[in-house]
Amino acid sequence: LRHSYSIFFILLITFSIGFQACDDTKTYAEMREEEDAAIADFINKEKIKVISQSEFYANDSITNLEQNEFVQLVSGVYMQIVDKGSDNLADTVRNNEVVLIRFIEYSLLDQDTTISNLSFPYLTEEFRYSATSSSIAGIFNTNSSLMFSWYGYTAVPAGWLVPMPYIRDRAHVRLIVPSKMGHQAAMQNVYPFYYDIKKYQFWR
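Now for a description of the structure that goes with this document. Sequence order as written defines the numbering, with residues in each chain counted from 1. Confidence filtering applies because this is a predicted model: local features only for residues at pLDDT of at least 70, side-chain atom pairs given and counted only at 80 or more, and all residues used for totals across whole chains, interfaces and linings. As a rule here, side-chain values come from all non-hydrogen atoms in the structure, and water together with hydrogens is ignored.

## Side note on the pairing of strand E7 (residues 136-140)
Here, strands pair whenever DSSP counts at least two bridges between them. Secondary structure elements are taken from DSSP: a helix is a run of H or I of four residues or more, a strand is a run of E of two residues or more, and numbering for both begins at the N terminus. As defined by bridge partners, strand E6 (residues 125-131) adjoins E7 across five bridges and the pair is classed as antiparallel. Residue pairing across strands places Ala 131 opposite Ile 136, the latter belonging to E7. The antiparallel pairing of E6 with E7 creates a hairpin that spans four residues between the two strands.

Written out as structure tokens, the structure reads:
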């Protein structure tokens, strides 16, 4: 009987520890709340003025830098166009072109820079842009991609592609990208990121 009580006591302790461990695990809803709070906190700290997509279109698809405007797009991405790029209106991205990127990735939850290629003059992020009538996508060049080396995923974050209809070659854009529009690691861990993409260069 004493042996039975000992086994029962051990099982009870094990169950209690297991229950506490499960209880400490955040739900998806809780992670989404943390994400929303981190984005709101960043917007507040950086004194960002959020404008609607309709306001953005009414202003010729321009964000006012003096007022630190970011447009909140339907995708959930916040975008600031620092420089639209080339004066040639035809210098837009085309299907199957290579895009070169100079960027900083900053984690809004960790409040720290995760990766950047700005310190490496000869290192550019490279991906191939693909566009159809129903979708757009980008695939990293695995031989030279810092993002691929860091995260192990070939798909370009959807948020990086959102500015494409509004910019031209050599544009400079800043983005707040919620997890659902980020790379696979961001989606899995519900992590929002801020990107300062210093240059989109369309290689033709």
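Okay, back to it.
## Structural notes on helix H2 (residues 28-45)
In this model, H2 (18 residues) spans 26 Å end to end at C-alpha, consistent with the 26 Å of a helix rising 1.5 Å per residue. Taken residue by residue, H2 has Glu 35, Ala 38, Ile 39, Phe 42 and Ile 43 as its buried positions. Buried residues of H2, seen end-on, are gathered within an arc of 130° and therefore sit on one face of the element. Of the exposed residues in H2, those oriented more than 90 degrees away from the buried face are Glu 33, Asn 44 and Lys 45. Tucked inside the fold, the buried residues of H2 contact strand E1 (49-51), strand E3 (78-83), strand E4 (98-107), strand E8 (171-177) and strand E9 (193-203). Given the number of residues in a helix, its expected span is that number minus one, multiplied by 1.5 Å. The buried label goes to any residue with under 20% of its type's maximum accessible area, the exposed label to any with over 50%, and the partly exposed label to all in between, with areas taken from a 1.4 Å probe on protein chains only. Arc definition: it is the arc formed by the directions from the helix axis to the C-beta atoms. Contact criterion: two residues are considered in contact whenever any of their non-hydrogen atoms come within 4.5 Å of each other.

## Some thoughts on the pattern of salt bridges
Salt-bridge detection follows one rule: a side-chain nitrogen of Lys or Arg within 4 Å of a carboxyl oxygen of Asp or Glu. For the structure on display, the rule yields six salt bridges. Between Lys 26 and Glu 34 there is a salt bridge, and its shortest N-O distance comes to 2.9 Å. Since its relative accessible area comes to 44%, Lys 26 is described here as partly exposed. Of the charged contacts in the structure, one is a salt bridge between Glu 35 and Arg 32, with a shortest N-O distance of 3.3 Å. Of the two residues, Glu 35 and Arg 32 are both situated in helix H2; the distance of three residues between them amounts to about one turn of the helix. Looking at Arg 32, the relative accessible area reads 31%, which means it is partly exposed.

## A few points about the side chain of Gln 80
Of note, Gln 80 is situated in strand E3. In this structure Gln 80 comes out as buried when scored by relative accessible area, which is 1%. Excluding residues within four positions of it along the chain, Gln 80 makes contact with Thr 63, Leu 65, Asn 68, Glu 69, Phe 70, His 172, Val 173 and Arg 174.

## Points about unusual backbone geometry
Positive phi outside glycine occurs at Asn 96, with the angle close to 75°. Within the secondary structure layout, Asn 96 lies in the loop between E3 and E4. Asn 96 sits in the partly exposed class, given a relative accessible area of 48%.

## Section: the packing of aromatic side chains
Aromatic contacts are taken between Phe, Tyr and Trp rings whose centres are within 6.5 Å, Trp giving its six-membered ring; a plane angle under 30 degrees counts as stacked, one over 60 as edge-to-face, and the others as tilted. Scanning all chains against the criterion turns up 11 aromatic pairs. Ring geometry for Phe 56 against Tyr 166: centres 5.3 Å apart, planes inclined by 75°, an arrangement best described as edge-to-face. Taken together, the positions of Phe 56 in helix H3 (residues 53-58) and Tyr 166 in the loop between helix H5 (158-161) and E8 put the pair 110 residues apart, joining distant regions of the chain. For the pair Phe 56 and Tyr 166, one class covers both residues: buried. Where Phe 140 meets Trp 160, the ring centres are 5.9 Å apart and the plane angle is 85°; that geometry is what we call edge-to-face. Pair noted here: Phe 140 is in strand E7 and Trp 160 is in helix H5, with a separation of 20 residues, a long-range link. Look at Trp 160 and you get buried, because its relative accessible area is 0%.

## Quick word on the nonpolar core
Nonpolar side chains tend to gather and get buried jointly when the protein is soluble and globular. The term nonpolar core refers to a set of buried residues drawn from Ala, Val, Leu, Ile, Met, Phe, Trp, Tyr and Cys, joined through side-chain atoms within 4.5 Å. If you look at the biggest cluster of nonpolar residues, it comprises 37 residues, and the most contacted ones within it are Phe 127, Trp 160, Met 164 and Tyr 200. For this core, the elements supplying multiple residues, two or more each, are E3, E4, E6, helix H4 (146-151), H5, E8, helix H6 (184-189) and E9. It is E9 that provides the largest number of residues to this core, a total of five residues. Beyond its immediate sequence surroundings of up to four residues, Met 164 is in contact with Val 93, Val 99, Phe 127, Tyr 129, Tyr 200 and Phe 202.

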